[in-house]
Amino acid sequence: MKLPDGPKSSPTMQLIRWIADPLAFLDSCAERYGDTFTLNLRNFEPLVFLSHPQAIQEIFTADPKLFDSGRGNKIVKPLVGENSLLLLDGARHAAQRRLMMPPFHGERMHSYSQLMCEIAEQVASQWNVGKPICIRAQMQEITLQVIVQTVFGLREGVRYQQLIPLLSAMLNMTDSPLSSSLLFFRFLQKDLGAWSPWGRFVGRRQQIYELLQAEIDERRERSQLQGNDVLTLMMSARDELGQPMTDAELKDELMTLLFAGHETTATALAWAFYWIHQRPSIYQKLVQELDSLGENPEPIAIAKLPYLTAVCQETLRIYPVIFFAFPRVTKAPMQVMGRQYDTNTTLFPCIYLTHHREDIYPEPNQFKPERFLDRQFSPYEYLPFGGSNRRCVGFALAQMEMKLVLASILSRYQLTLADTKPVKPQRRGFTVSPEGGVRMMVIGQRSPSERVSVGTASTSTQ
Ligand code: HEM
């Protein structure tokens, strides 16, 4: 069956545009070809991008057995390993997912809220008035500590101290379009020793896996597997034959959560700080809402604030950190919006293009939190966390974390953007992030009478 039209340039040229400036490439394709088009990127099967809410609905509500995603995600294998949830399909995917979801939702997740506030306050307490900071890097420090704590229940110790900088260094290796090429061109993936980019990548990955193995061994020796953390749960789990997860499986799932669970939230927070400080009216409204809760509000009260919620939603609308959902590779011939697709067609629900439709979001390039107060959007119009059986495992944790970190910092510190130039989205590995990381400055602390103390007053940084 003929696939929808798309750019006629060579697959190499298309791949270069996809790496160098993916959002501009998607915009230009949507303008020329409409809701549905096919990209031919070098080394990839043809990829059909869809952004009409009806198409997204048809895909997200179809029987998940009709699609594979894991086999279309091979590109992330060097980062997370072959046993990662991201690469699994079918029954194995469903079983691992069931195991990994609960700690990031409901009661268990709420037990982390105090910790999120404390970590945010501790990181912000290192900032000096008048000295520029890179907000993205600072947010990464917070989100990395949060995910390490939720996954391992670890907050201190030598292993923890080693893991944090190694994970950051590994991710920072792909912080620009040029360095991200490493992930897309297999010929660059050659380990030519510690001085070569791939050699350094492999070396760091090896060190991280050794630390993960040491943690697993130690837990096993201590034998009483108790606790709320994900590693404990995964080590106690047994499959239908009564078998535990192998060490290789455990390590790949830990790596998956460590990566998927902090890089994205850090970038979303950096964008949120940028948008909030770009428009004084948004800042004023938000701070007023936070102050209205008075001293020591409960994290749950913060999470329910309507304007704060709308600011976070609009942040994830305008530049969704992951700008397309995982591929849905058809396992049987199927129709989407009346168009027939053969078996083994790769369909990509395009989050960014759906979020930029004029018919749903007038003036889509403007940051307007009010849109989320004025109306509700369906899960096929607004989908920053994807949908169906692949919907983001950490969607509740990420939203809670965004709100609590923003509230903790904005209620204590007055910040300003260090540069007045508009910040553009730039590829960072598989995500889009603010170019330059958003440079900001603390210009003062908010006086105790003005500020809301989030969580507990005893952790005050003043
Ligand atoms: C603002 C932050 C985040 C955003 C925007 C985001 C977005 C996404 C998206 C778009 C997907 C693909 C969904 C699909 O194809 O339908 C995904 C999958 C996933 N996310 Fe997130 N995510 C975020 C934070 C997190 C956090 C905090 C965690 C871990 C606690 C996490 C873990 C995962 C995992 C494990 C998957 C794979 C799910 C599967 O294959 O079944 N993410 N995320």
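First, a word on scope: everything that follows refers to the structure included in this document.

Reading the values: rules and limits
- Residues numbered from 1 in each chain as written.
- Predicted model: local features only at pLDDT ≥ 70, side-chain atom pairs only at ≥ 80, totals over all residues.
- Pairing = 2+ DSSP bridges.
- Helix = DSSP H or I, 4+ residues; strand = E, 2+ residues; numbered from the N terminus.
- Contact = placed C-beta atoms within 7 Å.
- Axes fitted to C-alpha atoms, helices over the stretch in contact; angles between N-to-C directions.
- Parallel < 35°, antiparallel > 145°, perpendicular 65-115°, else oblique.
- Left-handed = near helix turned anticlockwise from the far one by under 90°.
- Nonpolar A, V, L, I, M, F, W, Y, C, P; charged D, E, K, R; others polar.
- Near = placed C-beta within 6 Å.
- Core = buried A, V, L, I, M, F, W, Y, C linked by C-beta atoms within 7 Å.
- Buried ≥ 20, exposed ≤ 12 C-beta atoms within 10 Å, placed from the backbone.

Attention now goes to the sheet that holds strand E8 (residues 346–349). Strand order across the open sheet formed by five strands is E1-E2-E8-E5-E3, with mixed pairing between neighbours. Edge positions in the open sheet fall to strand E1 (36–39) and strand E3 (67–68), since each of these has one partner strand only. Inspection of the sheet shows strand E5 (residues 328–330) paired to E8 by two bridges, in the antiparallel sense. Bridging from a neighbouring strand, Val329 pairs with Thr346 of E8. Against the sheet, helix H3 (residues 53–61) contacts E1, strand E2 (47–50), E5 and E8, and its axis sits at roughly 115 degrees relative to E8.

Turning our eyes to something else, we now look at the packing of helix H8 (residues 135–152) against helix H14 (residues 263–278). Axis separation between H8 and H14 bottoms out at 8 Å; the angle between their running directions is 135 degrees. When the interaxial angle is binned, H8 and H14 end up oblique. Remark: the crossing between H8 and H14 carries right-handed chirality. Contacts from Ile135, Arg136, Met139, Gln140 and Thr143 of H8 reach H14 at Thr265, Ala266, Thr267, Leu269, Ala270 and Phe273. The class makeup of the residues in the contact of H8 with H14 is six nonpolar, four polar and one charged.

Turning our eyes to something else, we now look at the site of the ligand. Taken together, 27 residues are adjacent to the ligand, and Gly261, Phe326, Gly386, Cys392 and Gly394 come closest. Of all the elements in the fold, those that place two or more residues in the shell around the ligand are helix H13 (247–260), H14 and helix H20 (395–410). For the shell around the ligand, the residue count by class is 17 nonpolar, seven polar and three charged.

Before going further, it helps to spend a moment on the nonpolar core. Ala120 and Ala272 are the most contacted members of the largest nonpolar core, which has 112 residues in total. Dropping the residues within four chain positions of it, Ala120 is found in contact with Ile142, Leu404, Val405, Ser408 and Ile409.

Take Phe60: it is sitting in helix H3. Sequence spacing of Phe60 and Gly386 is 326 residues, and the spatial spacing of their C-alpha atoms is 8.7 Å. Not counting residues up to four positions away in its chain, the partners in contact with Phe60 are Tyr380, Gly387 and Ser388.

Moving on: the pairing of strand E11 (residues 431–434). As judged from the four bridges shared by strand E10 (residues 425–428) and E11, these two strands associate in the antiparallel manner. Bridging from a neighbouring strand, Pro425 pairs with Pro434 of E11. Where E10 folds back onto E11 in an antiparallel hairpin, the turn is made up of two residues, including Gly429, whose phi is positive at roughly 60 degrees.

Attention now goes to the environment of Ala325. Inspection of the secondary structure assignment puts Ala325 in the loop between helix H17 (306–318) and E5. A sequence separation of 171 residues divides Ala325 from Leu154, and the C-alpha atoms of the two residues are 31 Å apart. Once residues within four sequence positions are removed from consideration, Ala325 is found in contact with Phe348, Pro349, Ile351, Leu383, Gly386, Gly387 and Arg390.

Any link to function would need more than the numbers given here.
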